[in-house]
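One-letter residues, chain by chain:
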Amino acid sequence: MAMSVGPGGGDDKPLSDINTTPLVDVMLVLLIIFLIAVPVVVQTVDLQLPKVAFEPTTTKPENVSLSVTQASDGKCAVFWGMAPVSSSELLDRAVAKLEADIKKAGGVENMTPEDLPEVHIRGDINTPYRCIGGTIYTMQRAGFPKVGFISEPEPGSQTTRL
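Residues numbered from 1 in each chain as written. Predicted model: local features only at pLDDT ≥ 70, side-chain atom pairs only at ≥ 80, totals over all residues. Heavy atoms only, no water.

Asks: Explanation requested: the sheet that holds strand E5 (residues 147–149) in the structure shown.
Replies: Whenever strands of a sheet pair, they do so through backbone hydrogen bonds, lying parallel or antiparallel. Here five strands make up an open sheet; going across it, the order is E3-E2-E1-E4-E5 and the pairing mixed. With one partner strand each, in any of the chains shown, strand E3 (83–85) and E5 form the two edges of the open sheet. Neighbour-to-neighbour, the strand axes of the sheet open up by a mean angle of 35°, direction not taken into account. Packing of helix H2 (residues 87–105) onto the sheet brings it into contact with strand E1 (64–70), strand E2 (76–80) and E3, and relative to E3 it is tilted by some 110°. (Pairing = 2+ DSSP bridges. Helix = DSSP H or I, 4+ residues; strand = E, 2+ residues; numbered from the N terminus. Axes fitted to C-alpha atoms, helices over the stretch in contact; angles between N-to-C directions. Contact = heavy atoms within 4.5 Å.)

See the structure below:
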């Protein structure tokens, strides 16, 4: 504690004034930093962001449901519904399914892209992407224009199961 000793030594009270110089120095430095940083943060680029609304997946009977996982031997395992299929069998079944749906509709000229069946892929979280990517490639090669992923909703989210 600092004591003032000088002329008029009759005052033996301790000096109780707060030294504000360090506080003022810090505040001035912060003021300068914020004056420089605010214009940088405020700069924005005009963008047209898409307007997206949550739409639950509607499962139609003609859609193809695939599950992809990695087998114990390290190979990719693809399941059409509940039946395991190989890569060549997957391509053959996909082509046959698409041709049957087109024939049932009366030909390609009677169909729009919305009428074509979709592929819904469920991929295990531990499955390497090469397995899922190979499945996507096979289904696109077969002619399916829409390939989507089925995921588990976040805990606590409001979803309805169809």
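Asks: What am I meant to see in the state of the cysteines here?
Replies: Chemically, a disulfide is nothing more than a covalent bond linking the sulfur atoms of two cysteines. Enumeration over the complete set of coordinates arrives at one disulfide. Between cysteine 76 and cysteine 131 runs a disulfide, and the two sulfur atoms are separated by 1.9 Å. Taking the sign of the torsion about the S-S bond as the criterion, the disulfide between cysteine 76 and cysteine 131, at about -75°, is left-handed. Of this pair, cysteine 76 sits in strand E2 while cysteine 131 sits in helix H3 (residues 129–142), and the two are 55 residues apart along the sequence. (Disulfide = S-S within 2.5 Å.)

Asks: Just to check I follow, could you spell out the pairing of E1 for this structure?
Replies: A regular strand places its side chains on the two faces of the sheet in alternate fashion. Sheet analysis places E1 next to strand E4 (residues 119–123), joined by five bridges and oriented parallel. Its bridge partner lying in E4, valine 64 is registered against valine 119. Bridge count for E1 against E2 is five bridges, and the pairing is antiparallel. Bridging from a neighbouring strand, serine 67 pairs with phenylalanine 79 of E2.

Asks: How do you make sense of the nonpolar core when you look at a structure like this?
Replies: As a rule of thumb, nonpolar side chains are buried together in soluble globular proteins. Core analysis: the biggest nonpolar cluster contains 20 residues, and Val64, Leu66, Trp80, Leu90, Val119, Met139 and Phe144 have the highest contact counts within it. Considering each element in turn, this core owes the most residues, five residues, to H3. Contact partners of methionine 139, with chain neighbours within four places excluded, come to Val64, Leu66, Trp80, Leu90, Ala94, Val119, Phe144 and Val147. (Core = buried A, V, L, I, M, F, W, Y, C linked by side-chain atoms within 4.5 Å. Buried < 20%, exposed > 50% of the residue type's maximum accessible area, 1.4 Å probe, protein only.)

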